[in-house]
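A look at the structure
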Amino acid sequence: MQIELEVNGETETFEASKSDSLLDVLRANGYTGAKRGCDTGACGFCTVHVDGDPTLSCVTPVTKAEGASVETIEGLGDQDDLHPVQQAFVDNTALQCGFCIPGMIMRSKALLDENPDPTEQEVREALSDNLCRCTGYKKIVEAVLDAADRMDGDHAVATDGGPPSDRGPSPDDAAGGTPDSGCPPGGCDCSEGEP
């Protein structure tokens, strides 16, 4: 059978069987950014947007998506012109193996489209269905908060890949601690800080 979808702004007709998932059809036609992880909708690796909503493409029958507008990570940006969410993930080193990142970025973009100024807790809740086995999520959450700032346009982005230049010192820095070292403010005696 043939299925018509608008993928990343282009209307296309794909060959598919009734049993195919949206993920099956996307990946078979070169949209490999959405990853196959669990095939049960439990990991979030396959997240794409369908008519603007984050959708688990591995459990979405392609027949349910017929005629819909689908956005994959390939539609956000490219190496020379990354979307602000993609750039924030790069600049905040919010990835390791990268397998979960397309789904994380698509879920993050959906969050920021709906809520341009989320709290840390709101970011954590929005990403709670997207798993990452490499990180502790800290850098991912920081990247989403940074992307919110970038998309808001109210701050200067560091050009060296570091944190945004107008965020000021963290509470640990201001109190004399070492960020991310686990040492209490003013009491660091590890190799990452001064005693």
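Preceding block: the structure.
In this report, we go over the structure that sits alongside the text. None of these values were measured; they are calculated from a predicted model.

Comments concerning the overall build of the chain
Check the secondary structure of the chain and you find 7 helices and 5 strands. Seen in sequence order, the chain has helices and strands lined up from the N terminus as β-β-α-β-β-α-β-α-α-α-α-α. Put simply, the chain has 195 residues, and 41% of those count as buried. For the chain, long-range pairs separated by at least 24 residues make up 48% of all intrachain contacts whose partners lie at least 6 apart in sequence. With an accessible surface of roughly 10,300 Å², the chain has 46% of that area assigned to carbon and sulfur atoms.

Considerations on the pattern of salt bridges
For the structure shown, the criterion picks out 8 salt bridges. Between Asp 113 and Lys 109 there is a salt bridge, with its nearest N and O atoms 3.0 Å apart. Taken as a pair, Asp 113 and Lys 109 lie in helix α4 (residues 101-114) at a separation of 4 residues, close to a single helical turn. A residue is classified by how much of its surface remains accessible, and Asp 113, at 47% relative accessible area, is partly exposed.

Here we look at the sheet that holds strand β2 (residues 10-15)
Spatially, the 5 strands line up as an open sheet ordered β2-β1-β5-β3-β4, and their pairing is mixed. Two strands in the sheet have a free side with no partner beyond their single neighbour: β2 and β4 (53-56). With direction set aside, neighbouring strand axes in the sheet form an average angle of 40°. With 2 bridges connecting them, strand β3 (residues 47-50) and strand β5 (residues 69-71) associate as antiparallel partners. Within β5, the position partnered with Val 50 by the bridge is Val 70. Packed onto the sheet, α4 meets β3, β4 and β5 and runs at close to 40° relative to β3.

Considering the packing of α4 against helix α6 (residues 138-152)
Packing of α4 against α6 leaves a shortest axis separation of 11 Å and a crossing angle of 45°. Comparing the axis directions of α4 and α6 gives the class oblique. The hand of the α4/α6 crossing is right-handed. Every residue of α6 that contacts α4 at Met 104, Ser 108, Leu 111, Leu 112 and Asp 113 is listed here: Ile 140, Val 144, Ala 147, Ala 148 and Met 151.

With respect to the nonpolar core
With 25 residues, the main nonpolar core has Phe 89, Met 104, Ile 105, Val 123, Ile 140 and Val 144 as its most contacted residues. Counting residues per element, the ones that place at least two in this core are α3 (84-91), α4 and α6. Ranked by residues supplied to this core, first place goes to α6 with 7 residues. In terms of nonpolar packing, the next biggest core, distinct from the first, is built from 20 residues, Val 7, Phe 14, Leu 26 and Cys 58 among them.

Digging into α3
Of all the residues in α3, the buried ones are Val 85, Gln 86, Ala 88, Phe 89 and Asp 91. Against α4 and α6 lie the buried residues of α3. Positive backbone phi, at 45°, marks Thr 93, one or two positions downstream of α3.

Here's the deal with a negative patch on the surface
Together, Glu 6, Glu 10, Asp 51, Asp 53 and Glu 114 make up a region of like negative charge exposed at the surface. Inspection of the secondary structure puts Glu 114 in helix α4. Judged by its relative accessible area of 73%, Glu 114 falls in the exposed class.

Here's the deal with α6
Along its 15 residues, α6 runs 21 Å from first to last C-alpha, staying within 8% of the 21 Å computed at 1.5 Å per residue. Where α6 is buried, its residues meet α3, α4 and α5 (120-126). Positive backbone phi, at 80°, marks Gly 153, one or two positions downstream of α6.

A word on the packing of α3 against α6
Packing of α3 against α6 brings their axes to within 8 Å, and their N-to-C directions diverge by 135°. Judged by the inter-axis angle, α3 sits oblique to α6. Where α3 crosses over α6, the two elements pack in a sense that is right-handed. Counted together, Pro 84, Val 85, Gln 87, Ala 88, Phe 89 and Asp 91 of α3 and Ile 140, Ala 143, Val 144, Asp 146, Ala 147, Arg 150 and Met 151 of α6 form the full contact between these two elements.

Each value, and the rule that gives it
Residues numbered from 1 in each chain as written. Predicted model: local features only at pLDDT ≥ 70, side-chain atom pairs only at ≥ 80, totals over all residues. Heavy atoms only, no water. Helix = DSSP H or I, 4+ residues; strand = E, 2+ residues; numbered from the N terminus. Buried < 20%, exposed > 50% of the residue type's maximum accessible area, 1.4 Å probe, protein only. Contact = heavy atoms within 4.5 Å. Areas by Shrake-Rupley, 256 points an atom, 1.4 Å probe, with all protein chains shown as cover. Salt bridge = Lys/Arg side-chain N within 4 Å of Asp/Glu carboxyl O. Pairing = 2+ DSSP bridges. Axes fitted to C-alpha atoms, helices over the stretch in contact; angles between N-to-C directions. Parallel < 35°, antiparallel > 145°, perpendicular 65-115°, else oblique. Left-handed = near helix turned anticlockwise from the far one by under 90°. Core = buried A, V, L, I, M, F, W, Y, C linked by side-chain atoms within 4.5 Å. Patch = residues over 30% accessible without salt bridge, like charges linked within 9 Å, V, L, I, M, F, W, Y side chains within 5 Å. Lys, Arg positive; Asp, Glu negative; His and termini not counted. Charge placed at Lys NZ, Arg CZ, Asp CG, Glu CD. Expected span 1.5 Å × (residues − 1).

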